[in-house]
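# A structural walkthrough
Listed here are the chains, written in short residue letters.
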Amino acid sequence: MPWSWRYEGANGESVTGPAETFSSQSDAESWIGLQWPELAEAGVHSVVLVENDRVEYRMSLLPPAE
């Protein structure tokens, strides 16, 4: 089953990001662990990990509010 990331902006709207697919959840998570700083700089506020059409989880790329 292919895994991929969806990208969201400040208001939860879809934004364009790399169209990568991965053969495992672990591969997808390793990739986002390396790419998140560049994605955040490009205006991606959160990402959604998807297996086919099933959402696994959503994760913020922003630092916690202080």
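Structural notes, computed from the coordinates. (Residues numbered from 1 in each chain as written. Predicted model: local features only at pLDDT ≥ 70, side-chain atom pairs only at ≥ 80, totals over all residues. Heavy atoms only, no water.)

Across the sheet, 4 strands lie side by side as 2-1-3-4; this open sheet has antiparallel pairing. For this open sheet the edge positions go to strand 2 (21–22) and strand 4 (54–60), each flanked by a neighbour on one side alone. One ladder, built from 6 bridges, connects strand 1 (residues 3–8) with strand 3 (residues 46–51); its direction is antiparallel. Across the sheet, residue Arg6 finds its bridge partner in strand 3, namely Val48. Helix 1 (residues 25–41) rests against strand 1, strand 2, strand 3 and strand 4 of the sheet, and its axis sits at about 30 degrees to strand 1. (Pairing = 2+ DSSP bridges. Helix = DSSP H or I, 4+ residues; strand = E, 2+ residues; numbered from the N terminus. Contact = heavy atoms within 4.5 Å. Axes fitted to C-alpha atoms, helices over the stretch in contact; angles between N-to-C directions.)

Here the focus is the pairing of strand 4. Across 6 bridges, the pairing between strand 3 and strand 4 is antiparallel. Following the sheet pairing, Leu49 is matched in strand 4 by Tyr57. Linking strand 3 to strand 4, which pair antiparallel, is a turn of 2 residues; within it Asn52 sits at a positive phi near 55 degrees.

We now examine the pairing of strand 3. A regular strand places its side chains so that they alternate between the two faces of the sheet. Taken across its 6 residues, strand 3 has 6 buried, putting it largely inside the fold. Alternating positions in strand 3 separate into two faces, Ser46, Val48 and Val50 on one and Val47, Leu49 and Glu51 on the other, with burial throughout. (Buried < 20%, exposed > 50% of the residue type's maximum accessible area, 1.4 Å probe, protein only.)

Within the largest apolar cluster, 12 residues are counted, these being Trp3, Trp5, Tyr7, Phe22, Ala28, Trp31, Ile32, Leu39, Val44, Val47, Leu49 and Leu61. Among the elements of the structure, strand 1, helix 1 and strand 3 are those that each provide at least two residues to this core. Excluding residues that lie within four positions of it along the chain, Tyr7 makes contacts with Glu13, Ser14, Val15, Thr16, Gly17, Pro18, Trp31, Leu39, Val44, Ser46 and Val47. (Core = buried A, V, L, I, M, F, W, Y, C linked by side-chain atoms within 4.5 Å.)

Let us look at the side chain of Glu8. With respect to the secondary-structure elements, Glu8 resides in strand 1. Polar contacts involving the side chain of Glu8 include one to the side chain of Arg58, which spans 2.9 Å. Residues within four places of Glu8 in sequence aside, it is in contact with Glu13, Val15, Gly43, Val44, His45, Ser46, Val48 and Arg58. (Polar contact = N/O pair within 3.5 Å; in protein donor to acceptor, adjacent residues only side chain to side chain.)

Don't take any of this as a statement about function, it's just geometry.
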